[in-house]
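Residue strings, one per chain:
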Amino acid sequence: MSNLITPCTPQSRDVDVAIPPDFILTSGQRLSGTVRVRLVGPAQGPLVVVAGGISADRQAADTPDTPGWWGWAIGDGAPLDTSRLRLLAFDWSSANGGDQIVTIRTHDQARLLALVLDEIGAPRIDAFVGASYGGCVGLAFAELFPKRIERLVVISAAHRAHPAATAWRGVQRRLLQLGLDADREADAIALARELAMTTYRSAEEFETRFSDNAPPRLAGDAYPVCDYLMARGQAYQARTTARRWISLSDSLDRHSVSPEAITARTTVVGFSSDRLVPLSDSRALAARLPRLAQFVEAPSLYGHDAFLKERAIIAGVLTTALSDLSSPCSQEIAA
């Protein structure tokens, strides 16, 4: 009778990595505290960093109690296959000791990731899969540490912040600051989130969902589309603080890399309805990369949120980009 032995059993663990006292941001500010990361998958599997938007955190995968922000894409047999790949997701750093506004760039987040890799004894990563802000940080990491990354998947992100996106985010930041000044932080977070949702999704989706947008009885009352936005805003109030949002939103607008300096094998994905990262910017990024593996240009009803909603497209991209990563996991038959 034979027994199946699988030396690479999937595991999940959290790690807190202390930020050293001498860590200085590009802005000259000091950043203290810890970087919190979660590792999911076999201890010896290929190491893949997974990072999402400014609302994302280390819980990319589902747990028994809480859904992950990209839970559908992660798991045994999923596009990010935790029976084969070792995934690392981490909390964005934005607070300087306490709840303060800090000027932190995507390159600073990349340097913090390098500290994490040093702490866990990983000299390099096999791949970085980043969407939205995570894609920007992936590009920054590949620019700063070309010898520490083999391949990169950039979804709904580019080498720069588009001026129109900066304009929208600037209004959100001023709303957040107004809420702090008026001691109405929760209200400001909800209102800024409402505005953000109008930029995350497409005009076509709003037309599809709210074409019968019947007016309310009185001026100043909410239209059906406004009810939707207000619900999204209220649901977001407990997810962040105004100062953290200001810091990370500003970080997006400071983002800038030179695509020619990125030597990792890179896949770029852009969506036709994305107004925050226009398809023209995704095309420009792809055209300037020295080692472009694939450029995927896809239609979507969901605008910038397509990386969360277009499961079939994203699954195909991830499978193509990562399927040939060699795994040290083996299965042995013992007599």
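Scroll up to find the structure.
Residues numbered from 1 in each chain as written. Predicted model: local features only at pLDDT ≥ 70, side-chain atom pairs only at ≥ 80, totals over all residues. Heavy atoms only, no water.

1. A look at unusual backbone geometry
For the record, the criterion: In this description a helix means any DSSP run of H or I spanning at least four residues, a strand means any run of E spanning at least two, and both kinds are numbered starting from the N terminus.
A positive phi angle, near 60°, is found at Ser132, a position not held by glycine. Along the chain, Ser132 falls in the loop between strand S8 (125–131) and helix H2 (133–144).

2. Focus: the nonpolar core
The criterion, for reference: By nonpolar core we mean a set of buried residues, namely Ala, Val, Leu, Ile, Met, Phe, Trp, Tyr and Cys, connected to one another through side-chain atoms within 4.5 Å. Only protein chains enter the area calculation, which uses a 1.4 Å probe; residues under 20% of their type maximum are buried, those over 50% are exposed, and those in between are partly exposed. Note on definitions: a residue-residue contact is assigned when non-hydrogen atoms from the two residues lie within 4.5 Å.
Within the largest apolar cluster, 99 residues are counted, with the highest numbers of intra-cluster contacts made by Trp70 and Leu88. It is H2 that contributes the most residues to this core, seven residues altogether. Apart from the residues within four sequence positions on either side, Trp70 is in contact with Val50, Ala60, Leu80, Val129, Ile155, Phe307, Leu308, Ile314 and Leu318.

3. Remarks on the pattern of salt bridges
Here is the rule we go by: Think of a salt bridge as a Lys or Arg side-chain nitrogen and an Asp or Glu carboxyl oxygen that are within 4 Å of each other.
Following the criterion strictly, the structure yields 20 salt bridges and no others. Here Asp108 ties to Arg111 by a salt bridge, and the two come within 2.8 Å at their closest N and O atoms. On the criterion of helical spacing, the pair formed by Asp108 and Arg111 is a turn pair, its members being three residues apart in helix H1 (residues 106–119). The exposure class assigned to Asp108 is buried, which follows from its relative accessible area of 0%. When its relative accessible area of 26% is taken as the criterion, Arg111 is described as partly exposed. Put simply, Asp14, Arg38, Arg58 and Asp91 are held in one network by salt bridges that share partners.

4. Notes on H2
Here is the rule: Any helix carries an expected span of 1.5 Å times its number of residues minus one.
With 12 residues, H2 extends 17 Å between its outermost C-alpha atoms, agreeing within 8% with the 16 Å of an ideal straight helix rising 1.5 Å per residue. The element H2 is extensively covered by neighbouring structure, given that 10 of its 12 residues are classed as buried. Those residues of H2 not exposed but buried are Tyr133, Gly134, Gly135, Cys136, Val137, Gly138, Leu139, Ala140, Phe141 and Ala142. Structurally, H2 contributes buried residues whose contacts are with strand S4 (47–51), H1, S8, strand S9 (149–155), helix H7 (242–254) and helix H8 (279–288).

5. Overview of the packing of aromatic side chains
Any aromatic ring pair is given by two values, namely how distant the centres are and how the planes are angled relative to each other. Definition in use: Each pair of aromatic rings taken from Phe, Tyr and Trp, with Trp reduced to its six-membered ring, is defined by centres within 6.5 Å and is described as stacked if the planes are under 30 degrees apart, edge-to-face if over 60, and tilted in the remaining cases. Working rule: Lys NZ or Arg CZ, within 6 Å of ring centre, within 35 degrees of ring normal, means a charge sits over the ring.
In total, this model carries 10 aromatic pairs according to the counting rule given. Measuring from centroid to centroid gives 6.4 Å for Trp70 and Trp72, while their planes differ by 80°, and the two rings are edge-to-face. Centre to centre, the rings of Trp92 and Tyr133 are 4.7 Å apart; their planes meet at 75°, and the pair counts as edge-to-face. Of this pair, Trp92 sits in the loop between strand S7 (86–90) and H1 while Tyr133 is found in helix H2, placing the two residues 41 residues apart along the sequence. The class of Trp92 is buried, set by a relative accessible area of 6%. Within the aromatic cluster, the residues linked to one another by ring pairs are Trp69, Trp70 and Trp72. Of note, Arg193 hangs over the ring of Tyr236, and the distance from its end group to the ring centre comes to 3.9 Å. Geometry around Tyr228 places Arg209 over its ring, the cationic atom sitting 4.4 Å from the centre.

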